[in-house]
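Spelled out from the first residue to the last, the chains are:
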Amino acid sequence: MRFHCNSWSLNKDQHLLVKLAISIPLLGFTFRLLLFRSNGFAADIQSAMFVKQHVQEPDLNPPVPVGMPENEDQVPLDIVIEKCDLFPGDWVPNPSSPTYTNESCPFIEGHQNCMRNGRPDSGYLHWRWKPRDCRLPRFDAERFLKLMRNKAWALIGDSISRNHVQSFLCMLSTVEQPVEVYHDEEYKSKRWHFESYNFTVSNIWSPFLVKAAIFEDNDCVSSAEVQIHLDKLDKTWTDLYPSLDYMIISTGKWFLKAAIYHENDTKVSCHLCPGKNLTELGFVHAYNKTLHYVMDFIANSKHKGLIFFRTSTPDHFENGEWHNGGTCPKTTPAKEGEIKIKDLNRILRDVELEEFEKAAAKAGNNEVNLKQISY
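The following paragraphs examine the structure supplied in this document. Values in this document were obtained by computation on a predicted structure and should not be read as measured data. Along each chain, the written sequence defines residue order, and numbers are assigned to residues from 1. Confidence filtering applies because this is a predicted model: local features only for residues at pLDDT of at least 70, side-chain atom pairs given and counted only at 80 or more, and all residues used for totals across whole chains, interfaces and linings. Think of the side-chain values as coming from all heavy atoms in the structure, minus any hydrogens and water.

Bringing the overall build of the protein into the picture now. Helix numbering and strand numbering both begin at the N terminus, where a helix is a DSSP run of H or I of at least 4 residues and a strand a DSSP run of E of at least 2. Summing up its helical and strand segments, the protein has seven helices and 17 strands in all. Within the span of the protein, comprising 375 residues, buried residues form 50% of the whole. Only protein chains enter the accessibility calculation, which uses a 1.4 Å probe; a residue is then buried when its area is under 20% of its type maximum, exposed when over 50%, and partly exposed in between.

The following block contains the structure:
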């Protein structure tokens, strides 16, 4: 029996505009980190290829408030800006050169490289995010790296997290080229090291966040249902969790796949499994249970770093899906109200918001710094 990927899979010819859009939450909270000094502990990630060395942490004095210049792209990052929500806003034209392009950054995969694959226009490069209640200065990669000296970041999840890591590395590599110091056998989880700053960035592949056996090739074709253990967290990320200073955790769309659900090492139910003699409970049951388990683990962990939970991303295809004629024809960013959220995306989001709210109070009581990035 063979299963093809669901309609949420990314089109290999998708536009860079989509990638730019999904990178904004990353830009938003990295900007926030530039405005205050972290008190997180220095990471102690080790691998067979890389062992961190102790480096004296810099003395970064609190910034001094000053007046705001008119040109917000030139606002020095030593300025204290009044707290506000960076996420409500609009895309506005930006005549300045982009921080990076497909041609300047080596971390963009070949099938996503619009310029190399012959895209003739370049207008999609000249947009920037303008918050409605904030002035957002241009990202200062050098300043960021100085603040992150001796720290460790990880983005944990599926291919959307990988896209975010690629964009992140593209921005930071304008200051220093990182060295890849680790990859797993399938090259899905990777780690990079910025030697001058003793700073690491990891992409941890864990699309379900719990233990799962996936029978899928590189073309996104499955030969059997996913085997998901709803009561066992994925050690791929939990083993590294204590040593991370900053992490962004996400999941979502993979739960739409046909799956067999296990508890106590026993098959108990399923999603899309006709003829298996199992109770069909559906993906919502599994997603609720998984997120509750993940959030409870985080909230009770006593972790002293900063943890972001990112909600799942909406689909971006028009006039169909990726496998039945859907396309990504936009050359300019979507405006508010222009795209209707699909029912499946709304269901996933409702589960995410519900489980996050349950965990937030418990995390606060345990002094765990758990935040949410919501699409």
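Two strands make a pair as long as DSSP finds a minimum of two bridges between them. As summarised here, the arrangement of the four strands in space is 10-12-14-15, forming an open sheet in which the pairing is mixed. Only two strands of the sheet have a single partner each, and these edge strands are strand 10 (210–213) and strand 15 (266–271). On average, adjacent strands in this sheet sit at an angle of 30° to one another, irrespective of strand direction. Relative to strand 15, strand 14 (residues 259–263) runs antiparallel, the two being bridged by five bridges. Bridged to Ile260 within strand 15 is Cys270. Between two residues, a contact is recorded if the distance between any of their heavy atoms is within 4.5 Å. Note on definitions: angles span 0 to 180 degrees between N-to-C directions of axes, and those axes are lines fitted to C-alpha atoms, for helices only across the stretch in contact. Contacting strand 10, strand 12 (226–233), strand 14 and strand 15, helix 6 (residues 282–299) crosses the sheet at an angle of about 35° to strand 12.

Below, the discussion takes up the state of the cysteines. Any two cysteine sulfur atoms within 2.5 Å of one another count as a disulfide. Inspection of every chain in the model, using the stated rule, returns two disulfides. In this model Cys105 forms its disulfide with Cys170; the gap between the sulfur atoms is 2.0 Å. Negative torsions about the S-S bond denote left-handed disulfides, and the value of about -85° found for Cys105 with Cys170 makes this one left-handed. Here Cys105 is found in the loop between strand 4 (89–93) and strand 5 (127–131), whereas its partner Cys170 is found in helix 4 (residues 159–172), with 65 residues between them in sequence. Look at Cys170 and you get buried, because its relative accessible area is 1%.

Glancing now at unusual backbone geometry. One non-glycine residue with positive phi stands out, namely Leu209, at about 70°. Overall, the relative accessible area of 0% leaves Leu209 in the buried class. For Asp265, which is not glycine, the phi torsion reads 60° and is therefore positive. Its place among the elements puts Asp265 in the loop between strand 14 and strand 15. Relative accessible area serves as the criterion here: at 52%, Asp265 is assigned to the exposed category.

In this section: the pattern of salt bridges. In what follows, salt bridge is the name for a side-chain nitrogen of Lys or Arg lying within 4 Å of a carboxyl oxygen of Asp or Glu. On inspection of all chains with the given rule, the structure shows 16 salt bridges. Glu336 is the partner of Arg132 in a salt bridge, and the nearest nitrogen-oxygen pair spans 2.6 Å. Taken together, the residues Arg132 in the loop between strand 5 and helix 3 (141–147) and Glu336 in the loop between strand 16 (306–310) and helix 7 (343–365) connect sequence positions 204 residues apart. For Arg132, a relative accessible area of 42% gives the class partly exposed. Judged by relative accessible area, Glu336 falls into the exposed class, the value being 66%. For Glu318, the salt bridge is made with Lys330, and the minimal N-O distance between the two is 3.9 Å. Linking Glu318 in the loop between strand 16 and helix 7 with Lys330 in the loop between strand 16 and helix 7, this pair joins segments that are twelve residues apart in sequence. Residue classification places Lys330 among the partly exposed positions, given a relative accessible area of 26%. Among the ionic contacts, a cluster of salt bridges with common partners joins Asp90, Arg132 and Glu336.

Helix span, expected: 1.5 Å multiplied by one less than the number of residues in the helix. Its 18 residues place the ends of helix 6 26 Å apart at the C-alpha level, agreeing with the 26 Å of an ideal helix rising 1.5 Å per residue. What helix 6 keeps buried is the set Gly282, Phe283, Ala286, Tyr287, Thr290, Leu291, Val294, Met295, Ile298 and Ala299.

With that out of the way, let us pick up the pairing of strand 13 (residues 246–249). Going residue by residue along strand 13, you find Tyr246 and Ile248 tucked away on one face and Met247 and Ile249 tucked away on the opposite face as well. Sheet topology note: the strand 6 (residues 152–157)/strand 13 ladder contains four bridges and is parallel. Residue Ala154 lies in a different strand from strand 13, and its bridge partner there is Met247. Inspection of the sheet shows strand 13 paired to strand 16 by four bridges, in the parallel sense.

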